[in-house]
Amino acid sequence: MRMYDLIIIGAGPAGITAGVYAARKRMSSLVITRDIGGQAVWSAEISNYPGYQLISGPDLVAKFEEHLRTYAVALKENERVVGLRKTGSTIIVKTEKGEYDSRTCVVASGKRSQALGVPGEREFKNRGVTYCATCDGPLFADKDAAVIGGGNSALDAALQLMKICRHTYIINTARTLTGDPVMREKVEHNPAVSVLNNTRVTAVLGDTMVNALQIEKDGKQERLSIQGVFVEIGLMPNSDFAPDLEKNALGEIRVNCRSETNIPGIFASGDVTDVPEKQIIVAAGEGAKASLGAFRYLAQNKF
Amino acid sequence: MEKNVKVYSTPACPYCKMVKKFLQDNNVAFEDADVSHDRQKAEEMVKKSGQMGVPVLDIEGKIIIGFDKESIKQALGIRSP
């Protein structure tokens, strides 16, 4: 089997930057990813990436992709990594489609929307359950919708939906909403919005499409009639495929200032790591560090 | 041969933008149906795809949900670079 110098998992800002650096160091590298751009595509407006005073997420990602493709970097899209382990000095990356061997690896697999984990959620995904208010909100015009969550992303979704939907419910497990006060005031003062605190969703109900939520408030089960469910309860790192890597309580991969994980030869960068600031520019910088780290590791180990 | 391509989208959805850019880059002409303004088109999309997520593509009657590059290429007969 072919032995790569470097396999990069993920093609968001961290993975793409790692790929560019790998190409410039002439490492034989392979990028394996489900999609291009990761979470960066969801940003409507980016105004803190130097060189661009204002650019949309999809446009910046298109620039990133164009940049990566000017180099002869092997890229496997639409491929999900399911396993990562090291045997002897070989790192084995397992995907749904096959296995790849490498001397080093950069894990840059990012984060995904956290699921509620209740019955009916998966079954009704895109049949009323959605994770993108900006995208799918307009389809719920004059219908009733529920936003699940109480932080900034939930409030942001509610602010969009209250202009479109007949009524918007915010279902929040905590005692109060936790998002920014300015946003909280806006939703709390809008008659088309009801905030249900201390409330938990226990099931998503429907026939072909969603028609209700089962919720629990003060130990009592209730049925709330709605057609749209917007899940906004935060993000989860895509790190499940690497059980041997050390992680923090959130499941983020622990790295040191050299982007090294606990396994020599495996580096990590971007939002999947415990590096505190989740920013496109930070992820890109961390991707560069990880790739250069891999290059140094290869030189030191003289394979 | 020119294929009949229709994209159901909403204005702010990133994958809708990416689908449209992909089609433009490959010189594929398409009809852009904005389902946030056109209730009838929205219903048409839900009926065709059986779901409510955007984007949805209709390529000569073949329905593709999401920015599924491989399926789109296959339906259009675009060869991989």
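Residues numbered from 1 in each chain as written. Chains lettered and ligands numbered in written order. Predicted model: local features only at pLDDT ≥ 70, side-chain atom pairs only at ≥ 80, totals over all residues. Heavy atoms only, no water.

K.L.:
Quick one: what's the story with the pairing of strand E9 (residues 144-148) of chain A, residue by residue and with numbers?
P.N.:
Every other side chain in a regular strand lies on the same face of the sheet, so the side chains alternate between the two faces. Residues and elements named next belong to chain A. Across the five residues that make up E9, a large majority, five, are buried. Residue alternation in E9 divides its side chains into two sets, Asp144, Ala146 and Ile148 and Ala145 and Val147, and both sets are buried. Bridging between E9 and strand E10 (residues 167-171) involves five bridges; their strand directions are parallel. When the bridges of E10 are listed, alanine 146 appears paired with tyrosine 169. Between E9 and its parallel partner E10, the chain crosses via helix H4 (residues 152-161), and the hand of that crossover is right-handed. (Buried < 20%, exposed > 50% of the residue type's maximum accessible area, 1.4 Å probe, protein only. Helix = DSSP H or I, 4+ residues; strand = E, 2+ residues; numbered from the N terminus. Pairing = 2+ DSSP bridges. Right-handed = clockwise from strand over helix to strand, strands pointing away.)

K.L.:
Explain the pairing of strand E13 (residues 210-217) of chain A residue by residue, including any values.
P.N.:
Residue and element names in this part refer to chain A. When strand E12 (residues 199-206) meets E13, the two strands line up antiparallel, connected through seven bridges. Within E13, the residue paired with arginine 200 across the bridge is glutamate 216. Hairpin remark: E12 followed by E13, antiparallel, with three residues in the connecting loop. As paired elements, E13 and strand E14 (residues 220-225) share six bridges and run antiparallel to each other. The partner of isoleucine 215 across the bridge, within E14, is glutamate 222.

K.L.:
If you had to explain the environment of valine 272 of chain A to someone new, which residues and values would you point to?
P.N.:
Residue and element names in this part refer to chain A. In this fold, valine 272 is placed in the loop between strand E17 (266-268) and helix H6 (280-301). Residue valine 272 is classed as buried on the basis of its relative accessible area of 0%. Distance in space between the C-alpha atoms of valine 272 and leucine 250 is 9.9 Å, their sequence separation being 22 residues. Residues within four places of valine 272 in sequence aside, it is in contact with Val107, Ala108, Ser109, Gly110, Pro237, Asn238, Ser239, Glu252 and Ile253. (Contact = heavy atoms within 4.5 Å.)

K.L.:
Go over the interface of chain A and chain B, please, and point to the residues and values.
P.N.:
At the interface, 24 residues of chain A touch 22 residues of chain B. Contact between chain A and chain B buries roughly 1,800 Å² in total, counting both sides, with carbon and sulfur atoms accounting for 64%. At the boundary of chain A and chain B, one finds three salt bridges. Here chain A is connected to chain B by seven residue pairs in polar contact (both at pLDDT 80 or more). At five residues, the largest contribution of residues to the side of chain A that touches chain B is made by helix H2 (residues 57-69) of chain A. Class assignment of the residues belonging to the side of chain A that touches chain B gives a composition of 12 nonpolar, four polar and eight charged. (Buried area = accessible area lost by both parts, 1.4 Å probe. Salt bridge = Lys/Arg side-chain N within 4 Å of Asp/Glu carboxyl O. Polar contact = N/O pair within 3.5 Å; in protein donor to acceptor, adjacent residues only side chain to side chain. Nonpolar A, V, L, I, M, F, W, Y, C, P; charged D, E, K, R; others polar.)

K.L.:
Explain the side chain of serine 29 of chain A to me, using residue names and the numbers behind them.
P.N.:
Inspection of the secondary structure assignment puts serine 29 of chain A in strand E2 (residues 29-32). Residues contacting serine 29 of chain A, with those up to four places away along its chain left out, are Tyr4, Leu6, Ala22, Val73 and Ala74 of chain A.

K.L.:
Quick rundown of empty space enclosed by the protein? Include the residues and the values.
P.N.:
Residue and element names in this part refer to chain A. What the rule picks out here adds up to one cavity of 30 Å³ or more. A volume near 30 Å³ is recorded for the largest cavity. Taken together, Gly270, Asp271, Thr273, Val275, Glu277, Lys278, Val282, Ala283 and Glu286 form the lining of the largest cavity. Residues that form the lining of the largest cavity fall into these classes: three nonpolar, two polar and four charged. (1 Å grid on protein atoms, 1.4 Å probe; cavity = no way out; pocket = protein on both sides within 12 Å on 5 of 7 lines; lining within 4 Å. Points joined across faces, edges and corners; volume = space filled by probe spheres on them.)

Coordinates in, geometry out; function isn't part of it.
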